[in-house]
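Results of the structural survey
Read off the chains here:
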Amino acid sequence: MRLQHASASKAPDRWTGLAVYGMQAAGRWQGCVAGDRRRLRQACLIDAATAATKMSLTAFSSSGTSMSSKCPLGFKADRKSDVEGCPLGFEPEIPEVQGGGSLILAWQVKGRKVLVVGGGEVAAGRILNLLNADAKVTVISPREGLNREVEYRIEHNQVEYFDRVFEPSDLDDPAITMVLTAVDDPAASSQIYQLCHEKHIPANIADVPPECDFYFGSVHRDGPLQIMVSTNGKGPRLAAMVRKRIAEQLPDNVGDAIKKVGQLRMRLRKVAPDIEQGPKRMLWMSRVCEAWTLEDFCAMDEADMDSLLDFYDSGGVPSLGQLQQGDEPHTTAFDGSFGFHCGI
Ligand SMILES: C[C@@]1(CC(=O)O)c2cc3[nH]c(cc4nc(cc5[nH]c(cc(n2)[C@H]1CCC(=O)O)[C@@](C)(CC(=O)O)[C@@H]5CCC(=O)O)C(CC(=O)O)=C4CCC(=O)O)c(CCC(=O)O)c3CC(=O)O
Ligand SMILES: NC(=O)C1=CN([C@@H]2O[C@H](COP(=O)(O)OP(=O)(O)OC[C@H]3O[C@@H](n4cnc5c(N)ncnc54)[C@H](O)[C@@H]3O)[C@@H](O)[C@H]2O)C=CC1
């Protein structure tokens, strides 16, 4: 019998804390993976190919719950004591809760009705954010207070417009998904918030953070890429500074690179459409993303994409350079080792 402990080394930021134990008994490899639930799910993906061919993998969550239901290939479930009895032991890594933050989401408002009250500079920024997300925007604000940008949106029919102050009946339309106020009248702001609250309409009241169901953040946009920075109300101007610093670090055409990855993923789904292919598809796509740099994706063209997809069946992941030199896919099956070695 031979014992082997292998921990992930390829991408330590992602895999720290994951341990894979392999044991060879009667000529057959038995493996168990120790780590938290998230890592176990990743581990199950990593080892999908291996398990299907060479390993019998047993996975446990840190609470001892069997992970079999989560494992794409239905790994054999067993008892936690088997892990505890594992000669190398393990330290499950449980993410620490850091309360006081916001739940950052990418809200899909496409085609939904959003009411903006106010037509000044802050409203102009809100309207742009909404139009960028394909929302149907209604603006309510007296004409004399309109900012030039808001006037432009109205003139070009990019928004629906009512030339008057807010009235409570403006909230009667059940199609209203969200309300944003940016007015220079604190009493009006609080009244609108109260009404939205009663009607369960999520609202952002620009001048009153405690009366916001959600805050805006500083957003970097490049095609499909959006990066939002929030300081949770502490320093909005700093949010903009951090956003600019992050954007400076990115390759110029990273938005295009992301579009291309989107195409690659769609084409991959055509090459491997079956639901059972899901784990292999995700594993291969993850490996490509880890092996290639952002700059590689920026440089990838249609022909590279086609050649790359030719490697999917074998599970191989060529570098961009290899693709461009015309390397052919290997015919041998992918061993599933994903950068760590289990001595199989
Ligand atoms: C809580 C929040 C609620 C919300 O608006 O959703 C909020 C609240 C308030 N902002 C105020 C002031 C300023 N806000 C900005 C700029 C931005 N403010 C944004 C978001 C947020 N602002 C939310 C928290 C987000 C976070 O903390 O991360 C950004 C990120 C996004 C956006 O607005 O789209 C956008 C930068 C976008 C970019 O440039 O990329 C500037 C700078 C400038 O205009 O250049 C100033 C002046 C300088 C200063 O005061 O710091 C005031 C005081 C008003 C007063 O004193 O009267 C309040 C109310 C209060 O704090 O009480
Ligand atoms: N959250 C944020 O990022 C920021 C918030 N603010 C706050 O946002 C608010 C708006 O700021 P600005 O756009 O610079 O002001 P602004 O004075 O340029 O615009 C206010 C707009 O609200 C309209 N308005 C006033 N009362 C109204 C009502 N009852 N119904 C409909 N429209 C009405 C005015 O006609 C005008 O178009 C201010 O209270 C300001 O303190 C200011 C800077 C940043």
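Quantities reported herein were computed from a predicted structural model and do not represent experimental measurements. (Residues numbered from 1 in each chain as written. Chains lettered and ligands numbered in written order. Predicted model: local features only at pLDDT ≥ 70, side-chain atom pairs only at ≥ 80, totals over all residues. Heavy atoms only, no water.)

Some remarks on the packing of aromatic side chains
Formally: Each Phe, Tyr or Trp ring, with Trp reduced to its six-membered ring, pairs with another whose centre is within 6.5 Å; inter-plane angles below 30 degrees give stacked pairs, above 60 give edge-to-face pairs, and intermediate values give tilted ones. A run of H or I in DSSP counts as a helix once it spans at least four residues, and a run of E counts as a strand once it spans at least two, with each numbered from the N terminus. Look at NZ for Lys and CZ for Arg. If either is within 6 Å of the ring centre and within 35 degrees of the ring normal, a charge sits over the ring.
This structure, assessed with the given rule, holds four aromatic pairs. Taking the centre distance of 5.6 Å and the plane angle of 85° together, the rings of Trp-284 and Tyr-312 count as edge-to-face. Taken together, the positions of Trp-284 in helix H10 (residues 278-291) and Tyr-312 in the loop between helix H12 (302-309) and helix H13 (320-324) put the pair 28 residues apart, joining distant regions of the chain. An aromatic cluster of at least three residues, connected via ring pairs, comprises Trp-107, Phe-214 and Phe-216. Of note, Lys-280 hangs over the ring of Tyr-312, and the distance from its end group to the ring centre comes to 4.7 Å.

What to know about the confidence of the model for the protein
What counts is decided by this rule: Scored between 0 and 100, pLDDT is the confidence that the predictor attaches to each residue. Contact definition: two residues touch when any of their heavy atoms are within 4.5 Å.
Looking at the protein as a whole, its pLDDT mean stands at 78, while 69% of the residues score no less than 70. Note that residues 39-89 has pLDDT below 50 and, in this model, 114 contacts with residues that lie over four places away or in other chains. As scored by the predictor, the complex reaches a pTM of 0.77 and an ipTM of 0.96.

Details of H10
To be explicit about the condition: Here the expected span of a helix is defined as 1.5 Å times the quantity of residues minus one. Exposure is judged per residue with a 1.4 Å probe applied to protein chains only, and the accessible area is read against the type maximum: over 50% gives exposed, under 20% gives buried, and values in between give partly exposed.
The end-to-end C-alpha distance of H10 is 20 Å, a good match for the 20 Å that 14 residues give at a rise of 1.5 Å each. Gly-278, Pro-279, Arg-281, Leu-283, Trp-284, Met-285, Arg-287 and Val-288 are the residues of H10 that are buried.

A look at the site of ligand 2
Selection criterion: A cutoff of 4 Å decides nearness: a residue is near a molecule or strand if any of its heavy atoms lies inside that distance of it. Polar contact is the term for a pair of N or O atoms within 3.5 Å; when the atoms are in protein, one must be able to donate a hydrogen and the other to accept it, and sequence-neighboring residues count only if both atoms are side-chain atoms. For accessible areas, the Shrake-Rupley method is used with a probe of radius 1.4 Å. Any residue's cover is judged against the shown protein chains and nothing else. When residue character is reported, Ala, Val, Leu, Ile, Met, Phe, Trp, Tyr, Cys and Pro are called nonpolar, Asp, Glu, Lys and Arg charged, and the others, Gly included, polar.
Around ligand 2, the surrounding shell holds 19 residues, and the nearest of these are Gly-119, Val-122, Gly-145, Phe-166 and Val-183. Phe-166 places a main-chain nitrogen or oxygen 3.0 Å from a nitrogen atom of ligand 2. Note that an oxygen atom of ligand 2 is positioned 3.1 Å from one of the backbone N or O atoms of Val-183. Protein burial of ligand 2: of its 850 Å² of free accessible surface, 66% is covered by the chains. Sort the elements by how many residues they give to the shell around ligand 2 and helix H5 (residues 121-132) lands first, with three residues. Its residues assigned to classes, the shell around ligand 2 shows ten nonpolar, five polar and four charged.

Structural notes on the UniProt feature "domain: Siroheme biosynthesis protein Met8 C-terminal" (unreviewed entry) in the protein
In plain terms, the rule: UniProt positions are given in the numbering used here, feature names are shortened, and annotations may be inferred rather than shown by experiment.
This chain's UniProt record puts "domain: Siroheme biosynthesis protein Met8 C-terminal" (unreviewed entry) on residues 251-318. Taken end to end, residues 251-318 is 68% helix and 0% strand, and its first and last C-alpha atoms sit 22 Å apart.

Some points on the site of ligand 1
Near ligand 1, the surroundings consist of 19 residues, among which Arg-126, Ser-218, Thr-231, Arg-237 and Arg-243 are the closest. Between an oxygen atom of ligand 1 and a main-chain N or O atom of Phe-216, the distance comes to 2.7 Å. Burial of ligand 1 by the protein chains amounts to 58% of its free accessible area of 1100 Å². Counting residues per element, the shell around ligand 1 draws most heavily on helix H8 (residues 236-248), at five residues. Here the shell around ligand 1 is composed, by residue class, of seven nonpolar, eight polar and four charged.

Notes on the packing of H5 against helix H6 (residues 148-155)
The criterion, for reference: Whenever a helix is involved, its axis is fitted only over the stretch in contact; in every case the axis is a line through C-alpha atoms, and angles between N-to-C directions fall within 0 to 180 degrees. In what follows, roughly perpendicular refers to angles from 65 to 115 degrees, roughly parallel to angles under 35, roughly antiparallel to angles over 145, and oblique to any angle outside these ranges. Crossings are sorted by hand: turned counterclockwise from the far helix by less than a right angle, the near helix makes the crossing left-handed, and turned clockwise it makes it right-handed.
One can describe the packing of H5 onto H6 by two numbers: an axis separation of 8 Å at closest approach and a directional angle of 40°. Looking at the two axes, H5 sits oblique to H6. Where H5 crosses over H6, the two elements pack in a sense that is left-handed. Every residue of H6 that contacts H5 at Ala-124, Ile-127, Leu-128 and Leu-131 is listed here: Glu-149, Val-150 and Arg-153. When its residues are assigned to classes, the contact of H5 with H6 shows five nonpolar, no polar and two charged.

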